[in-house]
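Residues per chain are reported as follows:
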Number of protein chains: 2
Amino acid sequence: MNILSLPGIPLVQPGDNLVQIILDGVQAAGLSLQSGDVLVVTSKIISKAEGRLVRLDAVEPGEEAHKLAEEVNKDPRIVELILQESHAISRQARNVLVTQHRLGFISANAGIDQSNVPQSGEYVLLLPLDPDATARHIREQLRAQTGADVGIVVSDSHGRPFRVGTVGVAIGVAGLPAVLDLRGQPDLFGRELHISMQGYGDMIASTAQLVSGEGAEGRPVTLVRGLPYPRSDGTARDLLRAPENDLYR
Amino acid sequence: MNILSLPGIPLVQPGDNLVQIILDGVQAAGLSLQSGDVLVVTSKIISKAEGRLVRLDAVEPGEEAHKLAEEVNKDPRIVELILQESHAISRQARNVLVTQHRLGFISANAGIDQSNVPQSGEYVLLLPLDPDATARHIREQLRAQTGADVGIVVSDSHGRPFRVGTVGVAIGVAGLPAVLDLRGQPDLFGRELHISMQGYGDMIASTAQLVSGEGAEGRPVTLVRGLPYPRSDGTARDLLRAPENDLYR
């Protein structure tokens, strides 16, 4: 398996054509897309192309945001945006606000990003509107333009309970399974596999993050070649644990 | 970055020399080790080499194990082993027992494995005694025999709160950081990076798991070439979140 962060991806602006930017990056790497390739695209450049930058000055915090901002010691305008982007609060503490995002997952600060945003402090970046749909769109456009049947993962970084440090997660997928279900497959001794559901999209996102790096916004698209994944139409929602199966809600 | 699961690794037996087995695998791949390579070794083959197989018939469940086994609907002998391998119970429910392992992390069933074990049902496999120490030993032996300065990750599979499917985690490391601390590095616009601690060892373990596969015990060693990691003497304990910083204990 070969992992390559594509060179030459420019800073993305609202309205940019990500499909063309990806194709240019593949060409800049001296490659062409092949069926079976996987492209991992950071949520950040999708947000930027979608114009999900918000000017903080234009945010009017409501009463709940003011109260919560005081409790957790955050900017009330950012808390207002977090609440707008979330279905529910999972945990709060000083400097920490963990919510269930409207996209379903549980994460800190609703994934609102203040790094690698021009004029930071005045602007923040919200997560993409519908990363599964964007992944499908990119996949279809790439197929139309190159003939290659590729998988797409839209990646983000999440902290997690129990363990230090962020890891890559998939918040959108197309053309591959988000969860790889190995149930029923025999192990080497004919017994059913004990561990049988893999967080496949998340592991692909983590792989890309090893080479793209948090600071390297110049490398937001990673090509994974040689991963023998089953063709399937997954959704990142397959990675969301149902509350009734979650002992840590 | 290039990821290759080494071919030709035999089924490991108690007392086997893993360093020689790894060197044979590298040679079988037509390669030789280079400084900067990372080898990801599954905990399972380390456990096997250490003779961590336990015959269930020889396990005498105590009173606590009997009571808990009834509550969670598990074999009391396995519950006895889980308790012996753990410091504390984190959560319990029908068919689920999540504990804080003696190695520090929180995981299901204390990592006790019944798959890919000969005569399953009669034998189970405990996690390695000290995976950090084993990683250091393998690293030093490889350096002594080949001159190459390589990083080692001992990998396991963990489920997690919120999300479906297991992902790779590092339970032992040597020669590389388990957590990559990017704090203080500027982003593209000169602001400090927002997300600044990466679960580096876990992401390396997840990368290897994409190609080794749960069922493929014939591929328990993965070579990662071309990852530009900082040389450092990490420990997998760096990945353990302190309870006071964990809102989900």
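Calculation criteria
Counting starts from 1 at the beginning of each chain's written sequence and moves along it residue by residue. Each chain gets a letter, beginning with A, and each ligand a number, beginning with 1, in the order they are written. Since the coordinates come from a predicted model, pLDDT governs what is reported: local features require at least 70, and pairs of side-chain atoms require 80 or more to be given and counted, while whole-chain, interface and lining totals use all residues. Every C-beta atom is placed from the backbone, and the number of other C-beta atoms within 10 Å of a residue's own sets its class: buried at 20 or more, exposed at 12 or fewer, partly exposed in between. Only DSSP runs of H or I with at least four residues qualify as helices, and only runs of E with at least two residues qualify as strands; both kinds are numbered from the N terminus onward. Two strands are counted as paired when DSSP detects at least two bridges linking them. Note that the domain bounds were set by an automatic or database domain assignment. Here the contact rule is simple: place C-beta atoms from the backbone, and any two residues whose C-beta atoms are within 7 Å are in contact. Three residue categories are used. Nonpolar comprises Ala, Val, Leu, Ile, Met, Phe, Trp, Tyr, Cys and Pro, charged comprises Asp, Glu, Lys and Arg, and polar comprises the others, including Gly. Fitted lines through C-alpha atoms give the axes, limited to the stretch in contact for helices. The angle between two N-to-C directions lies from 0 to 180 degrees. Here the word oblique covers every angle except those under 35 degrees (roughly parallel), over 145 (roughly antiparallel) and from 65 to 115 (roughly perpendicular). Take the far helix as the reference: if the near one is turned anticlockwise from it by less than a right angle, the crossing is left-handed, and if turned clockwise, right-handed.

> How would you sum up the pairing of strand β8 (residues 151-158) of chain A? Please name residues and give values.
Residue and element names in this part refer to chain A. By the criterion of burial, β8 is predominantly enclosed, with eight of the eight residues buried. Side-chain alternation along β8 places G151, V153, S155 and S157 on one buried face and I152, V154, D156 and H158 on a second face that is also buried. Judged from the seven bridges that link them, β8 and strand β9 (residues 167-174) form a sheet pairing that is antiparallel. Directly across from D156, in β9, lies its bridge partner V169.

> Break down the domain arrangement of chain A for me, with residues and values.
Residue and element names in this part refer to chain A. Under the domain assignment used here, chain A contains domain 1 (2-52 + 128-239) and domain 2 (53-125). Each partner contributes to the interface: domain 1 provides eleven residues, whereas domain 2 provides ten residues. Among the elements of the structure, α2 (43-49) and β8 are those that each provide at least two residues to the side of domain 1 that touches domain 2. Of the residues forming the side of domain 1 that touches domain 2, the biggest block, three residues, is contributed by α2. Looking at the side of domain 1 that touches domain 2 residue by residue, the classes come out as one nonpolar, four polar and six charged.

> Kindly report on the packing of helix α1 (residues 18-28) of chain B against helix α5 (residues 131-146) of chain B, identifying the contributing residues and their values.
All names here are of chain B. For the pair α1 and α5, interaxial distance at closest approach is 10 Å and the crossing angle is 55°. Classed by the angle they form, the pair α1 and α5 counts as oblique. Read as a crossing pair, α1 and α5 show a hand that is right-handed. Residue-level contacts link L18, V19 and L23 of α1 to I138, Q141, L142 and Q145 of α5.

> Help me get a handle on the pairing of strand β12 (residues 221-225) of chain A, residues and values and all.
Residue and element names in this part refer to chain A. Most of β12 is tucked away, with four of its five residues classed as buried. Alignment of strand β2 (residues 38-42) against β12, held across four bridges, turns out to be antiparallel. Considered in β12, the bridge of L39 is made with L223.

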